[in-house]
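This is what each chain is made of:
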Amino acid sequence: MAHARPRRRQRIQALVVAAMLLLSSALFTARLPLAAASARLPNTTARLLLFAGLPSSSPLRAFCPRARPSPATCSAFSSSATMAADNPLLVADFDFPPFDRVEPSHVRPGIRELLTRLEGELEELEKGVEPSWGKLVEPLERITDRLEVIWGMVDHLKAVKDSADLRSAIEEVQPDKVKFLLRLGQSKPIYEAFKAIRNSSDWESLNDARKRIVEAQIKEAVLSGVALEDEQREKFNQIEQELEKLTQKFSENVLDATKKFEKVITDKKEIDGLPATALGLAAQTAVTKQGHENATAENGPWIITLDAPSYIAVMQHARNRALREEVYRAYLTRASSGELDNTDIIAQILKLRLEKAKILGYKNYAEVSMAQKMATVDRVEELLEKLRAASWDHAVKDMEDLKNFAKDSGSPEATDLTHWDLNFWSERLRESKYDINEEALRPYFALPKVMDGLFTLANKLFGVNVEPADGLAPVWHSDVKFYCVKDSSNSPVAYFYFDPYSRPSEKRGGAWMNVVFSRSRVLARNGLPARLPVAHMVCNQTPPVGDKPSLMTFREVETVFHEFGHALQHMLTKQDEGYVAGIRGVEWDAVELPSQFMENWCYHKDTLLSIAKHYETGETLPEEIYAKLVAAKNFRAGTFSLRQIRFASVDMELHTTYDPYGSLSIYDVDRRVAERTQVLAPLPEDRFLCSFSHIFAGGYAAGYYSYKWAEVLSADAFSAFEDAGLDNEKAIVETGRRFRETVLALGGGKSPLEVFVSFRGREPSPEPLLRHNGLLPVAA
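Predicted, not measured: the structure shown is a model, and the values here were computed from it.

**As for the packing of helix α25 (residues 706–724) against helix α26 (residues 729–744)**
- Closest axis-to-axis distance for the α25/α26 pair is 9 Å, and the angle between their directions is 155°. Classified by the angle between their axes, α25 and α26 sit roughly antiparallel to one another. Crossing handedness for the pair α25 and α26: right-handed. Here α25 contributes Ala717, Ala720, Phe721 and Ala724 to the contact with α26, which in turn contributes Ala731, Ile732, Thr735, Gly736 and Phe739.

**Remarks on helix α10 (residues 308–317)**
- Burial runs high along α10: eight of the ten residues are buried.
- If you check which residues of α10 are buried, you get Pro309, Ser310, Tyr311, Ala313, Val314, Met315, Gln316 and His317.
- Where α10 is buried, its residues meet α9 (276–290), β3 (302–305), α11 (321–332), α15 (419–434), α16 (438–441) and β8 (534–541).

**Examining the packing of aromatic side chains**
- The full count for this structure, using the stated rule, is 41 aromatic pairs.
- Considering the side-chain rings of Tyr483 and Phe496, the 4.9 Å spacing of their centres and the 20° angle between planes classify their relative orientation as stacked. Taken together, the residues span a long stretch of sequence, with Tyr483 in strand β5 (residues 481–486) and Phe496 in strand β6 (residues 492–501) at a distance of 13 residues.
- According to the relative accessible area criterion, Phe496 is buried, its value standing at 0%.
- Site record: aromatic cluster; members linked through ring pairs are Phe462, Phe597, Trp601, Phe718, Phe721, Phe739 and Phe759.
- One cation-aromatic arrangement involves Arg428 over Phe424; the distance from NZ or CZ to the ring centre is 4.7 Å.

**Notes on the sheet that holds strand β4 (residues 465–468)**
- Reading across the sheet, the five strands line up as β4-β5-β6-β8-β7 and stay open at both edges, with mixed pairing between neighbours. Two strands close off the open sheet at either side, each with one partner strand: β4 and β7 (512–517). The average undirected angle you get between the axes of adjacent strands in this sheet is 25°.
- Running at roughly 150° to β7, helix α4 (residues 133–160) makes contact with β6, β7 and β8 of the sheet.
- Each of β4, β5, β6, β7 and β8 is contacted by helix α18 (residues 554–571), which is oriented at about 170° to β8, the strand it contacts most.

**Section: the confidence of the model for the protein**
- Averaged over all residues, the pLDDT of the protein is 88; the fraction at 70 or higher stands at 89%.
- Within the model, pLDDT remains below 50 along residues 1–79, and this stretch shows 417 contacts once partners closer than five positions in the same chain are excluded.

**Some remarks on the nonpolar core**
- Counting residues in hydrophobic clusters, the biggest one holds 173 residues, and the most contacted among them are Phe462, Phe496 and Phe564.
- Of all the elements, helix α14 (residues 377–408) adds the most residues to this core, at ten residues.
- For Phe462, the residues in contact, after removing those within four places along its chain, are Leu568, Leu572, Phe597, Met598, Gly736, Arg737, Phe739, Arg740 and Leu744.
- The next biggest cluster of nonpolar side chains, apart from the first, holds 64 residues, and it includes Leu90, Leu125, Ala209 and Val580.

**Digging into helix α27 (residues 752–760)**
- For α27, the complete set of buried residues consists of Pro752, Val755, Phe756, Phe759 and Arg760. Taken end-on, α27 shows its buried residues confined to a sector of 115°, consistent with a single buried face.
- Looking at the packing, one finds that the buried side of α27 touches α7 (208–223), α19 (593–599), α25 and α26.
- Backbone geometry just after α27 places Gly761 at a positive phi near 85°.

The rules behind each value
- Residues numbered from 1 in each chain as written.
- Predicted model: local features only at pLDDT ≥ 70, side-chain atom pairs only at ≥ 80, totals over all residues.
- Heavy atoms only, no water.
- Axes fitted to C-alpha atoms, helices over the stretch in contact; angles between N-to-C directions.
- Helix = DSSP H or I, 4+ residues; strand = E, 2+ residues; numbered from the N terminus.
- Parallel < 35°, antiparallel > 145°, perpendicular 65-115°, else oblique.
- Left-handed = near helix turned anticlockwise from the far one by under 90°.
- Contact = heavy atoms within 4.5 Å.
- Buried < 20%, exposed > 50% of the residue type's maximum accessible area, 1.4 Å probe, protein only.
- Phe/Tyr/Trp six-rings, centres within 6.5 Å; stacked < 30°, edge-to-face > 60°.
- Lys NZ or Arg CZ within 6 Å of the ring centre and 35° of its normal.
- Pairing = 2+ DSSP bridges.
- pLDDT = per-residue confidence, 0-100.
- Core = buried A, V, L, I, M, F, W, Y, C linked by side-chain atoms within 4.5 Å.
- Arc of directions from axis to C-beta.

Shown next as structure tokens:
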């Protein structure tokens, strides 16, 4: 996407601040995603209550309530027994979700029946609720977990296997789901029971994880409107329903606008400069999307799309300036006109978020967002300004270098260098300055070898083995791989799916990680002490072309490492309390720490050379090229830093001081922010906000700053390995184990600051980030 790699987290909708759900996708996703729900949404699925009288041998007994259900509940479940047998969304028990069996026709009846059952279980809980762990938190976790697993399955399929029928079905049942979440979040019996635990004489005897759960549930209940009465509560609930619809529509418009653009090219001169991988992909797209059965990379025809692998290739390599301009303008104005225009949707979202904030007693939506994060508005603005000031002069020099290089190259564009020229000339300058051609490096980064190297690193740092487990779990597409993560005793500790390739016709863009199952003592099965965590990682990299494996750019390698970092925190948790296991319960602005931390290893010599093997010859990437990659790491770092600061700053302003009822438009705000954060002013027609899914369809509203905030944490965490000595194998292993036992193991059971200090021995500093990015002298 124009703004950043969307994370797992993009299916998180703003409404899910429900009291009994921890603020979240992969969708991770990142969702965070959005995420999305992003990777941080707590599980929202409970055990199915089935009618009494099942034979003792029936697997459905696993979901029977401990107390005998009411006659009405038994009757309802009895009448739906046949439906459960036919609908995979109502399967009472499974080791892994039946992704391969779910069809759009299952969604309406399945979700409605599930919600009916959960409503009955919630009523039973409220009737007998007691302020104790066994009578409150455990049954509540069963309720919330079941919904999260099943809704997560449906929502995930929409992200990776989109169709008109699936959209329609989800749109129809979403209000029912939102209604149930609001009912759950605004349950006064449950809220009062949590407060009673907080005020009881047993409070001090609770461990940190349980205290965090109780305090989070109380805070989230308030943010969910539990204290509101009558008209205010009704209005609040209407806002949540409408926000769910609007954010869903925003996401669909972005996907449809991205899919809508197709440029068929028959004259190879028009795509001069595109590398062989891009030509192969464009020809393959012509075959699959328009039925040009004889299309070839050499002779075409070729189809250019706005999907990331195609778009990036054109912007970086097409010598045809007119083509670059056309594709750039199409990308920058996605979902900003016609029936797919998101402008009015954004305005409505901002109005509703502001109104919601005021109903809850806050001045603006950013304050609502910050209520559950590490940072405050003031501290965010302070950090962004510090980073902006450190980046500005470097970014100015970046632009001067680019103009001078284009001029020295004799290009007529040099006197009028503009947005669709920057990536093209940046690649030429990088090739010239560091003698690195990213496309020429692709043969050294075949996906299977990259994954082998990544898993070897995980073994060295964290003592786990990752093994293929294809066939063990159903998958949603033949591209998807399934893996088992084992500890040093060869016992499984987690599983994950990996869906690596771009599929523009059905799969949304970006990359994310998301939760399938969370680790949980309460939901343990098969005699295990806890249910094992399961994740999915989704990327959109260049697919295999012909008989070649997926040959990756170095940036795609970094993306895989990033998402695997999210997955590691989810999978290697040692927390058994489901509400704070893995990424659940981790404050949003800290959740990118492990993911960004893992990206650093792409520049570690032993790690990189272990994965950089030519897919045909097996030759290792020459060390001199590795040295050039490291030297080029901070190429245009000032520019890239300002880009992220622009997105974070416009997000904060739209959710703090901006008046959505006033005369200024969202584009006026963006242009004003760009004056301080962009060396080259945006085009007047710049409409990137219309595809800024992170903040309008994911979980990053008033939270995009989290990337920079967590980058401070991750850079400082990696500096612990630098301090220990990156060439010292023993020190790396020892530091890796300490990272696992703190950052990866503790989950949301302790505050992020406590976790960081446990690992690093002190509070975080921004200096390692500035040093890593070349924005401070190395001596600093």
